Amino acid sequence: SEHYYLINKFTGRVDTLLNRPIFYTDKKSVICLEGPVTDMTQRIQIGKFENNHFITTSYVKLAKDPFIAPSYVFWSNEYTIFIATNDPTFIDTKFYKVVLKND
């Protein structure tokens, strides 16, 4: 599997993300979409930067049936995201709304 590593040069701490981080407008909230090349059920990692390191607040496991292989993630607000999928020909794009609980 592919991962994205954030290394703090000052503390030596290594934070592991599922993929490249996508930042919400507050620049602290982050979402990571597991690599689309996997044939396993994909996950979305949601977290935030706090005290110079990344804290995962939740994982969203996507459905196996129908198999959802997202290619894009769009923030709507801090608790709502939209994921877009494309078929191999990019003709039949589908959008899914994911609402995150506010604990």
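Residues numbered from 1 in each chain as written. Predicted model: local features only at pLDDT ≥ 70, side-chain atom pairs only at ≥ 80, totals over all residues. Heavy atoms only, no water.

## Examining the sheet that holds strand 5 (residues 43–50)
In space, the four strands of this open sheet follow the order 3-4-5-6, with antiparallel pairing throughout. Whereas interior strands pair on both sides, the edge strands pair on one side only; in this sheet they are strand 3 (22–23) and strand 6 (53–61). Bridge analysis of strand 3 against strand 4 (residues 29–33) gives two bridges, and the strand direction is antiparallel. Across the sheet, residue Ile22 finds its bridge partner in strand 4, namely Ile31. (Pairing = 2+ DSSP bridges. Helix = DSSP H or I, 4+ residues; strand = E, 2+ residues; numbered from the N terminus.)

## Examining the sheet that holds strand 7 (residues 70–77)
An order of 7-8-9 is seen for the three strands of this open sheet, with the pairing classed as antiparallel. The two strands at the open ends of the sheet, each matched to only one other strand, are strand 7 and strand 9 (94–99). Strand-to-strand twist in this sheet, taken as the mean axis angle between neighbours without regard to direction, amounts to 25°. The pairing of strand 8 (residues 80–85) with strand 9 spans six bridges and is antiparallel. Residue pairing across strands places Thr80 opposite Val99, the latter belonging to strand 9. (Axes fitted to C-alpha atoms, helices over the stretch in contact; angles between N-to-C directions.)

## Some thoughts on the pairing of strand 5
Pairing geometry for strand 4 and strand 5, over five bridges, is antiparallel. Each residue of the ladder has a partner; that of Ile31, found in strand 5, is Ile46. Hairpin connection from strand 5 to strand 6: two residues lie between these consecutive antiparallel strands, with Asn51 at a positive phi of about 50°.

## Examining a nonpolar patch on the surface
Where nonpolar side chains cluster on the molecular surface, the patch consists of Tyr72, Phe74, Phe82 and Phe95 and spans about 420 Å² of accessible area. Mapping Tyr72 onto the fold places it in strand 7. Given the relative accessible area of 45%, Tyr72 is considered partly exposed. (Patch = residues over 30% accessible without salt bridge, like charges linked within 9 Å, V, L, I, M, F, W, Y side chains within 5 Å. Areas by Shrake-Rupley, 256 points an atom, 1.4 Å probe, with all protein chains shown as cover. Salt bridge = Lys/Arg side-chain N within 4 Å of Asp/Glu carboxyl O. Buried < 20%, exposed > 50% of the residue type's maximum accessible area, 1.4 Å probe, protein only.)

## Looking at the nonpolar core
Grouped together as the largest cluster of nonpolar side chains are 13 residues, with contacts concentrated most on Ile31, Ile44, Ile46, Val60, Val73 and Ile81. For this core, the elements supplying multiple residues, two or more each, are strand 4, strand 5, strand 7 and strand 8. Setting aside anything within four residues of it in sequence, one finds Ile31 in contact with Arg20, Pro21, Ile22, Ile44, Gln45, Ile46, Val73, Trp75 and Ile81. Core analysis: the next-biggest nonpolar cluster, separate from the first, contains five residues, Leu17, Leu18, Val30 and Phe54 among them. (Core = buried A, V, L, I, M, F, W, Y, C linked by side-chain atoms within 4.5 Å. Contact = heavy atoms within 4.5 Å.)

## Here's the deal with the environment of Thr93
Considering the arrangement of structural elements, one finds Thr93 in the loop between strand 8 and strand 9. Exposure remark for Thr93: the relative accessible area of 32% places this residue in the partly exposed category.

## Let's talk about the pattern of salt bridges
If you walk through the whole model with that rule in mind, you get two salt bridges. Of the charged contacts, one joins Arg13 and Asp15 as a salt bridge, the two residues approaching to 2.8 Å between their closest N and O atoms. On the basis of relative accessible area, Arg13 is assigned to the partly exposed category, the value being 39%. The residue Glu50 makes a salt bridge to Lys48 at a minimum N-O spacing of 3.4 Å.

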